[in-house]
Amino acid sequence: MELYDVIIIGSGPAGYTAAIYASRGNLKALVLKGTQPGGQLTTTTVIENWPGFENGIDGNELVMQMEKQAKRFGTEMANETVTKVDFSSAPHKVYVGDKEYQGKAVIIASGARSRMTGAEGEDRLFAKGVSTCATCDGFFYKGKDVIVLGGGDTAMEEAHFLTNFCKTVTVVHRRDKFRASKIMADRVLNNEKISVIWDSTVKSFNGKEKLESVTLTNTKTNEDTEVKVDGAFLAIGHIPNTEYLGDAVELDEKKYIVSGEHMQTNVAGVFYAGDVEDQRYRQAVTAASDGCRAGIEVIKYIESLND
Ligand code: NAP
């Protein structure tokens, strides 16, 4: 069986940057791309805050370029999704079903996904009015009425951002108090363009071809109300893609990787990069920065094995 110096799990900016550094550092590297090759950037349109592109760059184009760049330095790629790992002995083992891959080191860069409500109509109307990214889709709701679901910093940020385009922005939160930091919450509460519906969750997303309304349930009275909207932005948190790790590395209570020094997990030779650990910044550029660090640390680690 072929032994890789490093197996990189995930193909977003974290995984590809790690691959570029590792391969350019002469390591034999393999990227297992996962269910969504290219990661979350492929679900967005223009990325305007990736430095170096005055007018922004298409998210798909950006990750495609990263992939080509990693390939140029010799990174191998496989369109496979990891189902299980075994880090209990060297070399580390990574499984795709019954297929086994072996690596002296592993970089976990499998990212995170948006939490969904699970309410009726959500899947059917996804990208037809239901969105998980105001930054990506807000522009399409010029002059329209939208809701933002959630009470954390992301919901506050997205609601504020949407006032740049939308006729009305309504934040819907399941409790009577925001979880968001005071400064972000105050910004929303003091913004005349934003109203808040407290103590409410979405029971269903309604509409034939596209979203036309949401049915809200009051969590205190159990009463349902239908509200006409053109867009519903979900900002109810993220879920790290770590299920396949089982208890092979230490995870926190939300199942994010617990960060050690220098991009290491609690297992020797197993490193992390990007949103799979980062609950705060979640930016393409910070994920890439993590990938760079993890790539450099893997090079040092492999050198230390050869000493
Ligand atoms: P979050 O802080 O976990 O907030 C998620 C919100 O969604 C909470 O208000 C939660 O309600 C609600 N929620 C969760 N599940 C729900 C469900 N099934 N139905 C309805 N509502 C649900 O997530 P986040 O806002 O994405 O923030 C994540 C981290 O990033 C935080 O540490 C945050 O401070 C940070 N962040 C910082 C900035 C900034 O500083 N500029 C911007 C964005 C994010 P409850 O409150 O009732 O639990």
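Residues numbered from 1 in each chain as written. Predicted model: local features only at pLDDT ≥ 70, side-chain atom pairs only at ≥ 80, totals over all residues. Heavy atoms only, no water.

Novice: Please clarify how the overall build of the chain should be interpreted in this entry.
Specialist: Of the regular secondary structure elements, the chain holds six helices and 19 strands. Relative to the 2.2 N^0.38 estimate, which gives 19 Å for 307 residues, the radius of gyration of the chain is 21 Å and therefore close to what a compact globule would have. With the C-alpha coordinates aligned to their principal axes, the bounding extent of the chain is approximately 65 × 40 × 40 Å. Long-range contacts, defined here as pairs at least 24 residues apart, represent 58% of the contacts in the chain between residues at least 6 apart. On the chain, roughly 15,600 Å² of surface is accessible, and the fraction owed to carbon and sulfur atoms is 47%. (Helix = DSSP H or I, 4+ residues; strand = E, 2+ residues; numbered from the N terminus. Rg over C-alpha atoms; globule rule 2.2 N^0.38 Å. Contact = heavy atoms within 4.5 Å. Areas by Shrake-Rupley, 256 points an atom, 1.4 Å probe, with all protein chains shown as cover.)

Novice: Would you mind going over the site of the ligand with me for this structure?
Specialist: In the region of the ligand, 18 residues are neighbours, and Asp-153, Thr-154, Glu-157, Arg-175 and Arg-179 sit closest. Within the side chain of Arg-179, an N or O atom sits 2.6 Å from an oxygen atom of the ligand. Taking 920 Å² as the accessible area of the ligand by itself, protein coverage stands at 77%. The dominant element in the shell around the ligand, judged by the number of residues it contributes, is helix 4 (residues 153-162), at three residues. Per-class residue counts for the shell around the ligand are three nonpolar, seven polar and eight charged. (Near = heavy atom within 4 Å. Polar contact = N/O pair within 3.5 Å; in protein donor to acceptor, adjacent residues only side chain to side chain. Nonpolar A, V, L, I, M, F, W, Y, C, P; charged D, E, K, R; others polar.)

Novice: What's the story with the sheet that holds strand 16 (residues 224-228) in this structure? I'm lost.
Specialist: Reading across from one edge, 14-15-16 is the order of the three strands in this open sheet, with antiparallel pairing throughout. Single-partner strands in this sheet number two, and they are strand 14 (200-206) and strand 16. The average undirected angle you get between the axes of adjacent strands in this sheet is 30°. Bridging between strand 15 (residues 213-218) and strand 16 involves five bridges; their strand directions are antiparallel. Paired with Ser-213 across the bridge in strand 16 is Lys-228. (Pairing = 2+ DSSP bridges. Axes fitted to C-alpha atoms, helices over the stretch in contact; angles between N-to-C directions.)

Novice: Explain the state of the cysteines to me, please; I cannot follow it from the model alone.
Specialist: By definition, a disulfide links two cysteine residues through a covalent bond between their sulfur atoms. By the definition in use, this model includes zero disulfides. Cys-133 supplies the cysteine sulfur nearest to Cys-166, a cysteine that is in no disulfide, at a spacing of 13 Å. (Disulfide = S-S within 2.5 Å.)

Novice: How should the packing of aromatic side chains be read in this particular structure?
Specialist: Where two aromatic rings form a pair, the distance of their centres and the angle of their planes describe that pair. The full count for this structure, using the stated rule, is six aromatic pairs. Taking the centre distance of 5.9 Å and the plane angle of 70° together, the rings of Phe-271 and Tyr-301 count as edge-to-face. Within this pair, whereas Phe-271 is found in strand 19 (residues 270-272), its partner Tyr-301 is found in helix 6 (residues 284-306), the two being separated by 30 residues in sequence. Taking relative accessible area as the criterion, Phe-271 reaches 2% and is therefore assigned buried. Three or more aromatic residues link up through ring pairs in this structure, and these residues are Phe-139, Phe-140, Phe-161 and Phe-165. (Phe/Tyr/Trp six-rings, centres within 6.5 Å; stacked < 30°, edge-to-face > 60°. Buried < 20%, exposed > 50% of the residue type's maximum accessible area, 1.4 Å probe, protein only.)

Novice: Would you take a moment to explain the domain arrangement of the chain for this structure?
Specialist: The figure often quoted for interface size is the accessible area lost as the parts come together. Split into domains, the chain comes out as domain 1 (3-113 + 238-306) and domain 2 (116-234). Measuring from the centre of the C-alpha atoms in domain 1 to the corresponding centre in domain 2 gives 32 Å. (Domains from an automatic or database assignment.)

Novice: Before we go on, may I ask you to explain the sheet that holds strand 12 (residues 168-172) in this structure?
Specialist: On the basis of which strands lie adjacent, the open sheet formed by five strands has the order 10-17-11-12-13 and parallel pairing. On the outer flanks of this sheet lie strand 10 (130-131) and strand 13 (194-197), each paired with one strand and no other. Here two bridges tie strand 10 to strand 17 (residues 231-234), and the two strands are oriented parallel to one another. Along strand 17, the bridge assignment pairs Ser-131 with Phe-233.

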